[in-house]
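# Summary of structural features
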Amino acid sequence: GQFYLITCNQGLWSLTKSLLAVAFLASFGSSMLYGYNLAVVNSPAEYIKAFYNQTMVARNGTGLDDKTLTLFYSVTVSVFAIGGMVGSLMVGILVTRFGRKGTLVRITCLVFIGGAFMGFSRTFGSPEMIIVGRFITGVHSGISLSVVPMYLGEIAPKNLRGFLGLVPSIFICLGVFIAQILGLHELLGKEEHWPLFLSLVVIPTMFQLMLLPWFPESPRYLLIEKRNVHATITALKWYRSKVNIQAEIEEMQEEQRSMSSVQTVSVIGLLKDRSVRWQVITIVVVNIGMQLSGIDAIWFYTNAIFKNAGIPVPQIQYTTVGTGAIEVIAGCVGCFTIERLGRRPLMIGGFTFMGICCAGITLSLMFQSHYISVACVVGIIAGFCIGPAGVPFLITAELFKQSHRPAAYTVAGCLNWLSNFTIGFVFPFLQVRTTGAYCYLVFFGVCTAVAAYVFFIVPETKNKTFVEISQMFAARNGMLEEESSELGVFNSLKLGKMNGYGAVELEYEVIENKK
């Protein structure tokens, strides 16, 4: 075949306005909605339960008993995660067909549909509309939670990949914080406002739909999967400075030459491929650990936890907002330190600190030390947002080459959401069965185990190319010889020199495959 090659000086990239703008826009219209939907059901919980009960009285003449009402509300909370799991299973197909940016633009319709269902649920007297709306917005979050870090990981230069990769986690924390503020009684925390409160997700998505289509697609997707050199150079010129994009195209070409196939690998193919065995194990461990660390139990049931800790009911909403501010601050700390400290310290430190705080909650509840219990809740949230909130999504992009990345995000997302659903549905009953205190020891064990796994198994990926990261795992996967022998199998891409304004003079060279 005919390919293009480009040569250039290596160098570190600076953060351009275009990179920062697309990171903020994609995160604002997608990632933030995930955090918002996690916390939005917390404040109006009693109003929603009352609506369910009143509706059943109107339909059947009798209300729901406490056990059935708890089950109904647990389904409302957890169906968001079921939708997320369904969405995560669609990631591979969507990003391969429509691209990363194209997928984010197309799935905005789900938010408008889901928001309409929730917003008009009381008007039509239908609790089912809330559940359907939560499910549809869950599908959107399931897709976007994988696609946003994939998109940002692919457009970012290697020395900024960690920073841009954690921007979505800041917006997830910001979404939680905004839901907590709007849930105050002085704002939308009144009974008459809860349908509006649930449906506000359409506003950020509207901004994303208007602006994101103007930004380019992922250069890696354009070059490696679509083989569109002109579009690749246009995208790189948009996201980089006017010079030094040639070296980055060379790195993409090196990744393409090292791939055993230019076709996107299926989930089954990913699980069977022993050349990525430890990468798959790693994303399974960190994504399950991320959710089973106990953070979703804290987010879903913050008010109940603070009430059990003895905080006066009128003060709980303000305490909850305070924890949301800590989430945002901790997320910013992680984002601005990851390129200096690396991925491993944030993961190990975050999970270890969360484990200590989970054990602290158990002890504080046993000895009725309410203030220590609240401090430990805050510690869990801070520890999570510094590292475990965003790094698992980032390293899912970093551990895999272009052909394996969509399937890896499908696996990671599915496990993430399955664990999310399990915690959201089981935790209320777990609290009752274990008297509330000892259930946090389960989370302590999970956090400790994940921290140990990262410490002993996962290498540091900071400032490494995707090919270099793959080679770091090659020895552990027993694929060192095959990994090196695959280099040079594929046709080389050649591009000519660039003039001062980035215009490209194309040179064609046909190189015969060596087998």
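The shown structure was predicted, so the numbers you read here are calculated from the model rather than taken from an experiment.

### Observations concerning the overall build of the chain
Helices and strands together make up the secondary structure of the chain, namely 25 helices and 2 strands. Taking as baseline every contact in the chain between residues at least 6 positions apart, the subset at least 24 positions apart corresponds to 83%. When the accessible surface of the chain is totalled, it reaches about 20,400 Å², and 66% of it is carbon and sulfur.

### Focus: helix H4 (residues 91-98)
The α-helix winds at 3.6 residues per turn, so residues separated by three or four positions along the chain end up facing the same way. The set of residues buried in H4 consists of Val91, Gly92, Leu94 and Val95. Gly99 lies just past H4 and shows a positive phi near 85°.

### Structural notes on a nonpolar patch on the surface
A cluster of nonpolar residues, Ile203, Met206, Phe207, Met210, Leu211 and Trp214, forms a patch on the protein surface that exposes about 670 Å² of accessible area. As for its position among the elements, Phe207 is in helix H10 (residues 202-211). The class of Phe207 is partly exposed, set by a relative accessible area of 42%.

### Remarks on the nonpolar core
By size, the foremost hydrophobic cluster in this structure holds 104 residues, and its most contacted members are Val22, Leu104, Leu270, Ile380 and Phe400. Apart from residues lying up to four places away in sequence, Leu104 is in contact with Ala26, Ser30, Ser144, Val147, Val148, Tyr151, Gln208 and Leu212. Tyr36, Val41, Val176 and Ala179 belong to the second largest nonpolar core, which has 26 residues in total.

### So, the packing of aromatic side chains
One pair of aromatic rings is described through two measures. These are the centre distance and the angle between the planes. This model, assessed by the stated rule, comprises 12 aromatic pairs. Relative to Trp417, the ring of Tyr34 lies with its centre 5.3 Å away and its plane at 75°, an arrangement referred to as edge-to-face. Here Tyr34 is found in helix H1 (residues 17-39), whereas its partner Trp417 is found in helix H22 (residues 405-433), with 383 residues between them in sequence. The exposure class assigned to Trp417 is buried, which follows from its relative accessible area of 1%.

### Concerning the side chain of Ser169
Its place among the elements puts Ser169 in helix H8 (residues 161-182). Ser169 sits in the buried class, given a relative accessible area of 3%. A distance of 2.6 Å separates a polar side-chain atom of Ser169 from the backbone oxygen of Leu166. Excluding residues within four positions of it along the chain, Ser169 makes contact with Ala389 and Gly390.

### Re the environment of Gly83
Among the structural elements, Gly83 can be located in helix H3 (residues 66-89). Relative accessible area serves as the criterion here: at 0%, Gly83 is assigned to the buried category. In the structure, Gly83 is positioned 60 residues away from Ile143 in sequence and 9.6 Å away in space, judged by C-alpha atoms. Other than its neighbours up to four places away in sequence, Gly83 contacts Phe135, Gly138 and Val139.

### Some words on the pattern of salt bridges
Tallied over the entire structure, the rule returns 7 salt bridges. Here Arg100 and Glu225 are joined by a salt bridge, their closest N and O atoms 3.3 Å apart. Residue Arg100 is located in helix H5 (residues 100-106), and its partner Glu225 is located in helix H11 (residues 219-225); the two are separated by 125 residues in the primary sequence. By the burial criterion, Arg100 is buried, and Glu225 matches it. For the salt bridge of Glu339 with Arg343, the shortest nitrogen-to-oxygen distance reads 3.5 Å.

### Thoughts on unusual backbone geometry
Phi at Arg227 takes a positive value of approximately 55°, unusual for a residue other than glycine. Looking at the secondary structure, you find Arg227 in the loop between H11 and helix H12 (229-239). You will see that Asn463, though not glycine, has its phi angle at about 60°, which is positive.

### Here we look at the packing of helix H7 (residues 127-155) against H8
Each pair of packed helices gets described by two things: the angle between the helix axes and the distance between those axes. At a minimum axis distance of 8 Å, the contact between H7 and H8 shows a crossing angle of 150°. Judged by the inter-axis angle, H7 sits roughly antiparallel to H8. The handedness of the crossing between H7 and H8 is right-handed. Taken together, the residues of H8 that come into contact with H7 (itself represented by Leu145, Val148, Leu152 and Gly153) are Arg161, Leu164, Pro168 and Ile172. Tallied by class, residues from the contact of H7 with H8 come to 6 nonpolar, 1 polar and 1 charged.

### A few points about helix H21 (residues 391-398)
Taking burial as the measure, the 8 residues of H21 include 8 buried ones, the bulk of the element. Considered for burial, the residues of H21 that qualify are Val391, Pro392, Phe393, Leu394, Ile395, Thr396, Ala397 and Glu398.

### Describing the packing of helix H15 (residues 277-292) against H21
Running from N to C, H15 and H21 point in directions that differ by 165°, and their axes come no closer than 10 Å. For the element pair H15 / H21, the angle class is roughly antiparallel. Considering the relative orientation of H15 and H21, their crossing is left-handed. Along its contact with H15, which presents Thr282, Ile283, Val286, Asn287 and Met290, the element H21 presents Pro392, Phe393, Ile395 and Thr396. When the residues that make up the contact of H15 with H21 are grouped by side-chain class, the tally is 6 nonpolar, 3 polar and no charged.

### Quick notes on the environment of Arg220
The residue Arg220 is located in helix H11 in this model. Here the alpha-carbon distance between Arg220 and Ile249, two residues 29 residues apart in the chain, equals 8.6 Å.

### Structural notes on the confidence of the model for the chain
Confidence in the prediction for the chain averages 81 pLDDT; 83% of positions are at 70 or higher. By mean pLDDT, the top-scoring element of the chain is helix H6 (residues 108-119) (94), and the lowest-scoring one is strand S1 (residues 2-3) (33). In this model residues 481-515 is a low-confidence stretch, pLDDT under 50, and it forms 82 contacts with partners more than four residues away in sequence or in other chains.

### Observations concerning the state of the cysteines
This structure, assessed with the given rule, holds 0 disulfides. Cys357 takes part in no disulfide bond, and the closest cysteine sulfur, belonging to Cys376, lies 5.0 Å away. The cysteine Cys358 is free of any disulfide, with Cys447 supplying the nearest cysteine sulfur at 4.8 Å. A residue is classified by how much of its surface remains accessible, and Cys358, at 1% relative accessible area, is buried.

Rules used in this analysis
- Residues numbered from 1 in each chain as written.
- Predicted model: local features only at pLDDT ≥ 70, side-chain atom pairs only at ≥ 80, totals over all residues.
- Heavy atoms only, no water.
- Helix = DSSP H or I, 4+ residues; strand = E, 2+ residues; numbered from the N terminus.
- Contact = heavy atoms within 4.5 Å.
- Areas by Shrake-Rupley, 256 points an atom, 1.4 Å probe, with all protein chains shown as cover.
- Buried < 20%, exposed > 50% of the residue type's maximum accessible area, 1.4 Å probe, protein only.
- Patch = residues over 30% accessible without salt bridge, like charges linked within 9 Å, V, L, I, M, F, W, Y side chains within 5 Å.
- Salt bridge = Lys/Arg side-chain N within 4 Å of Asp/Glu carboxyl O.
- Core = buried A, V, L, I, M, F, W, Y, C linked by side-chain atoms within 4.5 Å.
- Phe/Tyr/Trp six-rings, centres within 6.5 Å; stacked < 30°, edge-to-face > 60°.
- Polar contact = N/O pair within 3.5 Å; in protein donor to acceptor, adjacent residues only side chain to side chain.
- Axes fitted to C-alpha atoms, helices over the stretch in contact; angles between N-to-C directions.
- Parallel < 35°, antiparallel > 145°, perpendicular 65-115°, else oblique.
- Left-handed = near helix turned anticlockwise from the far one by under 90°.
- Nonpolar A, V, L, I, M, F, W, Y, C, P; charged D, E, K, R; others polar.
- pLDDT = per-residue confidence, 0-100.
- Disulfide = S-S within 2.5 Å.

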